[in-house]
Amino acid sequence: MTINEIQEEIIEEFAGFEDWMDKYAYLIELGTDLQGLDEQYQTDQNLIKGCQSKVWFNASLEEGKVKLEADSDAIIVKGIAALLIRVFNNQNPEDIMNADLNFIDEIGLKQHLSPTRSNGLVSMVKQIKMYGIAFNHVK
Amino acid sequence: MTLDINKIRKDFPILQEKVHGKDLVYFDNAATTQKPTQVIDEMVKYYYKYNSNIHRGVHYLSNKSTDGNENARKIVQNFINAEHLHEIIFTRGTTESVNLVANSFADRYIGEGDEVIVSEMEHHSNIVPWQLVCEKKKAVLKVLPFNDNGELLVDQLDGMITDRTKIVAVNHISNSLGTINPIQEIIDIAHARGVKVLVDAAQSVQHLKINVQEWDVDFLVFSGHKLYGPTGIGVLYGKENLLNEMPPWQGGGEMIKEVRFEGTTYNELPFKFEAGTPNYIDAIGLGAAIEYVENIGLDNIDAYEQELLAYATEKLSSIDGLKIYGTAEHKTSVISFLVDGIHFYDMGMLLDQMGIAVRTGTHCTEPVMQHFGIDGTVRASFSFYNTKEEIDALYNGILKVCKMFVH
Ligand SMILES: Cc1ncc(COP(=O)(O)O)c(C=O)c1O
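Owing to the predicted nature of the structure, the values given are computational and were not obtained by experimental measurement.

## Details of the overall build of chain B
Part 1 of the argument: Tallying secondary structure elements over chain B gives 14 helices and 17 strands in all.
Part 2 of the argument: Its C-alpha radius of gyration of 22 Å places chain B within 12% of the 22 Å reference for a compact globule of 407 residues.
Part 3 of the argument: Expressed along its principal axes, the backbone C-alpha trace of chain B runs to roughly 75 × 55 × 35 Å.
Part 4 of the argument: The buried share among the 407 residues of chain B stands at 58%.
Part 5 of the argument: A fraction of 72% describes how many contacts in chain B between residues 6 or more apart in sequence connect residues 24 or more apart.
Part 6 of the argument: Each charge class in chain B can be summarised by its mean position, and for the 36 positive and 55 negative side chains these summaries are 4 Å apart.

Rendered as structure tokens:
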């Protein structure tokens, strides 16, 4: 699926939630289910700065596709990271670079997007895009 | 006297607001307090009717604004019982007050090898200014520790003081633990050894009556915005003789007597330390806030807030897996806590969805978090406009969050 198709899918899923409790319960579920990062990858280098919670992203390039893994000590933040992985994992670096992210807005997580919010969603997205740019360069 | 909380709540327009469609429960009072209409109206009145730059005009408005500013100074003087009006310096807040003292005091009194003592439970704004100054002067910063209840080990203080120690800078009440420190004892110990004391009262002027002459404290600093007043205004109280001996910190208008390129002379206290156009409207707002608080009575406020603290401590302690950080015998209405297996940020985000405002993180006291080996806490801090029903809402909210995490 393309990045946009996945985003559409997520937006549809979230449209089904009645209230905030369902939405956050789902994020908690996603966070709990996301396989974390091996401790060796929980490094300062992979740490996203400027968050109240700790978030790590690790990326590699396999057969032209970007492989993403993430972890966080806060479950909801990890759930948000899981959504980002679902959107960006196994995509081409170029597509990641040029992706237009609208799902965050649409599913009502925009309040977590402002650059001063401490969960660092902005920093996470920026970091993923940086990986896209770097791997595109390598290719 | 029992307070009429319903009537008091009507004084604070923001408490009628909804958040995410729910009634706002505001438990972030240690970060900043809400403002009563009495404060807002007074400031609006000055902007509408009397605004004019102070101390320099010959005209009616300038005199009105000047009077308002100086009247506010008088209110502050009475509030903390300072001996002289000119011992009250207006600043931007606690942080600026500490920076002013750290820099100016150090210039006059601190040299290479001298020592400054702070406590392990200080807010960063009573640590970093001293670190900067110590670095500049090649002085040494020493740290008075606290025990696992969050109580300062005051009996170690005398042993830490040497003949090179110049000042002890300590908070009256800890913003992350709620501990009320034995300030009188600390001042007496320091003074017996000829050491000056700065007290950070940012978390105490809104709860407890302070008398600087009775304490014999050398410097006292606090912020207006935690005392139901506006942001951007704060106070430095200093003893006259010290303030007179200390050099100016910032230069500019207002703080001078005569300006000559060959050498400038400085204005008298308090103006020597108030460079530039003062924040007189906010000073006037602070004056109104102090009058509001004194009208209700700090004794009444303290008694009611202690009731809220006891109620909340008991309720929250009954929650499985909930641990309170800061269990000193003497506390104000601040509860820092964590629930097993739930990150403080998750807790804060979910409580926010229920309309409950708490603070999460380190609360600008990273050494306190390091003491307990944690990354942060959830902090609920209560004011006299809060109610037991709101504490019930917090209690139920935490239970709801716990339930969401069980699955
Ligand atoms: C104990 C203490 N000291 C200092 C400060 C700093 O106050 P301000 O940010 O108003 O300068 C605070 C406020 O967060 C505080 O709680």
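## Quick look at the site of the ligand
All names here are of chain B.
Part 1 of the argument: With respect to spatial proximity, the complete set of residues near the ligand consists of Thr94, Thr95, His123, Ser125, Asn175, Asp200, Ala202, Gln203, Ser223, His225 and Lys226.
Part 2 of the argument: In this structure, threonine 94 approaches the ligand through a main-chain N or O atom, which is 3.4 Å from an oxygen atom.
Part 3 of the argument: The side chain of lysine 226 places a nitrogen or oxygen atom 2.7 Å from an oxygen atom of the ligand.
Part 4 of the argument: Of the residues in the shell around the ligand, the class split is 1 nonpolar, 8 polar and 2 charged.

## Regarding the nonpolar core
Part 1 of the argument: Residues Phe57, Leu84 and Met124 of chain A together with Leu220, Phe384 and Ile398 of chain B are the most contacted members of the largest nonpolar core, which totals 152 residues.
Part 2 of the argument: Mapped onto the domain boundaries, this core takes at least three residues apiece from domain 1 (5-30 + 297-406) and domain 2 (40-295) of chain B.
Part 3 of the argument: Sequence-distant contacts of isoleucine 398 of chain B, that is, excluding residues within four places in its chain, are made with Leu316, Ile319, Leu322, Phe337, Val339, Met347 and Leu351 of chain B.
Part 4 of the argument: In this structure, Ile89, Val98, Val133 and Phe273 of chain B belong to the second largest nonpolar core, which totals 25 residues.

## What to know about the sheet that holds strand 16 (residues 359-361) of chain B
Two pairing modes exist for strands in a sheet, parallel and antiparallel, and in both the strands are linked by backbone hydrogen bonds.
Residues and elements named next belong to chain B.
Part 1 of the argument: What the 4 strands build is an open sheet, ordered 13-14-17-16; its pairing is antiparallel. Edge positions in the sheet fall to strand 13 (322-325) and strand 16, since each has one partner strand and no second. Each adjacent strand pair in this sheet contributes to an overall mean axis angle of 30 degrees, direction not counted.
Part 2 of the argument: Across 3 bridges, strand 16 lies against strand 17 (residues 377-381) in antiparallel orientation. Residue pairing across strands places arginine 359 opposite arginine 379, the latter belonging to strand 17.

Rules of the game
Every chain is numbered independently, its residues counted from 1 as its sequence is written. Labels are handed out in written order, letters beginning with A for the chains and numbers beginning with 1 for the ligands. In view of the model being predicted, local features appear only for residues whose pLDDT reaches at least 70, and side-chain atom pairs are presented and counted only at 80 or more, with totals across whole chains, interfaces and linings using the full set of residues. Values shown for side chains rest on all heavy atoms present in the structure; no hydrogens or waters enter the calculation. Where helices and strands are cited, they refer to DSSP runs of H or I of at least four residues and of E of at least two residues respectively, numbered from the N terminus. Our radius of gyration looks at C-alpha atoms and nothing else; its globule reference is 2.2 Å times the residue count to the power 0.38. Exposure is judged per residue with a 1.4 Å probe applied to protein chains only, and the accessible area is read against the type maximum: over 50% gives exposed, under 20% gives buried, and values in between give partly exposed. In this analysis, two residues are considered to be in contact whenever any of their non-hydrogen atoms come within 4.5 Å of each other. Only four residue types enter the tally: Lys and Arg on the positive side, Asp and Glu on the negative side, with His and both chain ends excluded. By convention, the charge on Lys lies at NZ, on Arg at CZ, on Asp at CG and on Glu at CD. Here a residue is near a molecule or strand as soon as one of its heavy atoms is found within 4 Å of it. In the analysis that follows, any N or O atom pair within 3.5 Å is treated as a polar contact, provided that within protein one partner can donate a hydrogen and the other can accept it, and provided that, for residues neighboring in sequence, both atoms belong to side chains. Each residue is assigned to one class: nonpolar for Ala, Val, Leu, Ile, Met, Phe, Trp, Tyr, Cys and Pro, charged for Asp, Glu, Lys and Arg, and polar for all the others, Gly among them. What is meant by a nonpolar core is a set of buried Ala, Val, Leu, Ile, Met, Phe, Trp, Tyr and Cys residues, joined one to another through side-chain atoms within 4.5 Å. Boundary definitions for the domains trace back to an automatic or database domain assignment. In this analysis, strands are considered paired if DSSP registers two or more bridges between them. Only the stretch in contact is used when a helix axis is fitted, and all axes are lines through C-alpha atoms; the angle between N-to-C directions ranges over 0 to 180 degrees.

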